[in-house]
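Listed below are the residues making up each chain.
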Amino acid sequence: MRVSFLNESKWWRAPYPSAVSPWKGVVVPAVIIFLILYLLQPFGIARMESGKLWATLGSACISGGVSSVFAWVLPWLFPRYYEERAWTLGKEVLNTLALLLGITVCVWLYVAWLSGVMLSARFFFVVLLWVLILGAFPVVLFAMWNRNIQLARNLREATELNLRLTERHEVEEVPSPSLVFSGGTKETVKLDAQAFLYAEAEGNYVRLHYLSPTDHRPASKLLRLTMKQAEAAVASTPFIVRCHRAFLVNLRHITKVEGNSQGYRLQLEGCAENVPVSRGYGKEIKERLFVR
């Protein structure tokens, strides 16, 4: 029993890819809902003598409006909760169920107003049942299926990248430029580009990870700096690139690539933490990883 619970807990926390095109998650379900409502005509739509088209269009617009809140408004209000690298399958399922509940409440109010029916708990559960039948099971099933598809693809590509990493020749010794990071304060950090490992955004700060010039062990420094300023500081260094909204990475220090449903994670020599690669930067990383 305990082993089963741990497995389920691990499944619940499994990384899940966030939507690349949120508008598709708004428009496509709204169109499907319109078609289903117009063809099946539940909620008393079949008994309407006129205005069926406008009634179904109204319901589809409600679905699109609620979906827009979940696609753009909530991530804007709660960015830490909706952060891509912290998004899991469990969050995706809960977010979807909350979305369906929001649609249920709005459709319940809309249909009651449209048909003149009194609001009641019984009528609410009827609407909820229809929404669950039409949306919950296929949406949750799609979430699991989509996660497995993404995971299989990224694991396959990570394996290919690791094979190429083992075949990569040593980079020729060339003069390594100096990097200068300076932000909103007078504090400045100067690094040899070859010693730079990666940079991670932390609110209004950026944490620089690098090899110490004294003992060549990993060290870090928190600097009041924006990621845009950090990216400008490494702009002339082709082997240091943006791999995530919150990360810069030195491609020369990559020792292994791991894949999950959200994209890739890069293992760097001497680093305990892996660096994430979001899907938006995955293609560029693959293209530039082997440029000497």
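Residues numbered from 1 in each chain as written. Predicted model: local features only at pLDDT ≥ 70, side-chain atom pairs only at ≥ 80, totals over all residues. Heavy atoms only, no water.

Regarding the overall build of the chain
For step 1, the next point in the chain: On a plain count of helices and strands, the chain comes out with seven helices and 10 strands.
For step 2, the next point in the chain: Sorting the 292 residues of the chain into buried and exposed places 40% on the buried side.
For step 3, the next point in the chain: For the chain, long-range pairs separated by at least 24 residues make up 58% of all intrachain contacts whose partners lie at least 6 apart in sequence.
For step 4, the next point in the chain: As displayed, the chain has an accessible area near 17,400 Å², and 62% of this comes from carbon and sulfur atoms. (Helix = DSSP H or I, 4+ residues; strand = E, 2+ residues; numbered from the N terminus. Buried < 20%, exposed > 50% of the residue type's maximum accessible area, 1.4 Å probe, protein only. Contact = heavy atoms within 4.5 Å. Areas by Shrake-Rupley, 256 points an atom, 1.4 Å probe, with all protein chains shown as cover.)

Description of the sheet that holds strand E5 (residues 218-224)
Sheets are built from strands that pair by backbone hydrogen bonding, the pairs being arranged parallel or antiparallel.
For step 1, the next point in the chain: Within the open sheet, the five strands sit side by side as E5-E4-E3-E7-E6. Their pairing is antiparallel. Each having just a single partner strand, E5 and strand E6 (240-244) make up the two edges of the open sheet. Neighbour to neighbour, the strand axes of the sheet diverge by 20° on average, direction disregarded. (Pairing = 2+ DSSP bridges. Axes fitted to C-alpha atoms, helices over the stretch in contact; angles between N-to-C directions.)

Concerning the environment of Arg288
For step 1, the next point in the chain: By secondary structure assignment, the location of Arg288 is in helix H7 (residues 279-288).
For step 2, the next point in the chain: A sequence separation of 47 residues divides Arg288 from Val241, and the C-alpha atoms of the two residues are 8.8 Å apart.
For step 3, the next point in the chain: The contacts of Arg288, once residues within four sequence positions are left out, are Pro238, Val241 and Leu251.

Focus: the UniProt feature "transmembrane region" (unreviewed entry) in the chain
For step 1, the next point in the chain: The sites that carry the UniProt feature "transmembrane region" (unreviewed entry) are, in the present numbering, residues 20-41, 53-73, 93-111 and 123-145.
For step 2, the next point in the chain: Secondary structure content for residues 53-73 is 100% helix and 0% strand, while the C-alpha to C-alpha distance between its ends is 29 Å.
For step 3, the next point in the chain: Along residues 93-111, the helical share is 100% and the strand share 0%, with 27 Å between the first and last C-alpha atoms. (UniProt positions renumbered as here; feature names shortened; annotations may be inferred.)

As for the pairing of strand E2 (residues 188-192)
For step 1, the next point in the chain: Here E2 shows a buried face lined by Val189 and Leu191 and an unburied face lined by Thr188, Lys190 and Asp192.
For step 2, the next point in the chain: Pairing geometry for strand E1 (residues 178-182) and E2, over five bridges, is antiparallel. Within E2, the position partnered with Leu179 by the bridge is Leu191.

Regarding the pairing of E6
For step 1, the next point in the chain: Most of E6 sits out of view: five of its five residues are buried.
For step 2, the next point in the chain: Bridging between E6 and strand E7 (residues 247-250) involves four bridges; their strand directions are antiparallel. Its bridge partner being in E7, His244 is matched across the sheet by Phe247.
For step 3, the next point in the chain: Counted between consecutive antiparallel strands, the loop separating E6 from E7 contains two residues.

Digging into the sheet that holds strand E8 (residues 254-260)
For step 1, the next point in the chain: One open sheet holds the three strands; their spatial order is E8-E9-E10, and the pairing between them is antiparallel. Two strands in the sheet have a free side with no partner beyond their single neighbour: E8 and strand E10 (275-277). Pairs of neighbouring strands in the sheet enclose a mean axial angle of 30°, with direction left out of account.
For step 2, the next point in the chain: Bridging between strand E9 (residues 263-268) and E10 involves three bridges; their strand directions are antiparallel. Paired with Leu266 across the strands is Val275, a residue of E10.
For step 3, the next point in the chain: In the packing of H7 onto the sheet, contacts are made with E9 and E10, and the angle to E10 comes to roughly 95°.

Some details on the nonpolar core
For step 1, the next point in the chain: One finds Tyr198, Val249, Ile254, Val257, Leu268 and Val275 to be the most contacted residues of the largest nonpolar core, which totals 23 residues.
For step 2, the next point in the chain: Once you skip the residues sitting within four places of it in the chain, Val249 turns out to touch Phe196, Leu197, Tyr198, Phe239, Ile240, Val241, Cys243, Leu266, Leu268 and Val275.
For step 3, the next point in the chain: Listed in part, the 22 residues of the second largest apolar core include Leu99, Ile103, Phe123 and Val131. (Core = buried A, V, L, I, M, F, W, Y, C linked by side-chain atoms within 4.5 Å.)

Overview of the pattern of salt bridges
For step 1, the next point in the chain: Under the criterion given, the structure shown has three salt bridges.
For step 2, the next point in the chain: The partner of Lys221 in a salt bridge is Glu187, with the nearest N and O atoms 2.8 Å apart. With Lys221 in strand E5 and Glu187 in the loop between E1 and E2, this pair connects stretches of sequence that are 34 residues apart.
For step 3, the next point in the chain: Look at Glu187 and you get partly exposed, because its relative accessible area is 34%.
For step 4, the next point in the chain: The salt bridge involving Arg242 is made with Glu231; its shortest N-O contact spans 2.7 Å. (Salt bridge = Lys/Arg side-chain N within 4 Å of Asp/Glu carboxyl O.)

Focus on the packing of helix H2 (residues 22-40) against helix H3 (residues 52-77)
What describes two packed helices is the angle between their axes and the distance between those same axes.
For step 1, the next point in the chain: Following both chains from N to C, one finds H2 and H3 inclined at 155°, their axes separated by 8 Å at the closest point. Here H2 lies roughly antiparallel to H3, going by the angle between them. Seen from above, H2 lies across H3 with right-handed handedness. Only Leu53, Thr56, Leu57, Ser59, Ala60, Ser63, Gly64, Ser67, Ser68, Ala71 and Trp72 of H3 make contact with H2, whose side of the interface consists of Pro22, Trp23, Gly25, Val26, Ala30, Ile33, Phe34, Leu37 and Tyr38.
For step 2, the next point in the chain: The residue inventory of the contact of H2 with H3, partitioned by class, reads 13 nonpolar, seven polar and no charged. (Parallel < 35°, antiparallel > 145°, perpendicular 65-115°, else oblique. Left-handed = near helix turned anticlockwise from the far one by under 90°. Nonpolar A, V, L, I, M, F, W, Y, C, P; charged D, E, K, R; others polar.)

A look at the side chain of Lys91
For step 1, the next point in the chain: Looking at the element boundaries, Lys91 is found in helix H4 (residues 89-115).
For step 2, the next point in the chain: Sequence-distant contacts of Lys91, that is, excluding residues within four places in its chain, are made with Tyr81 and Ala86.

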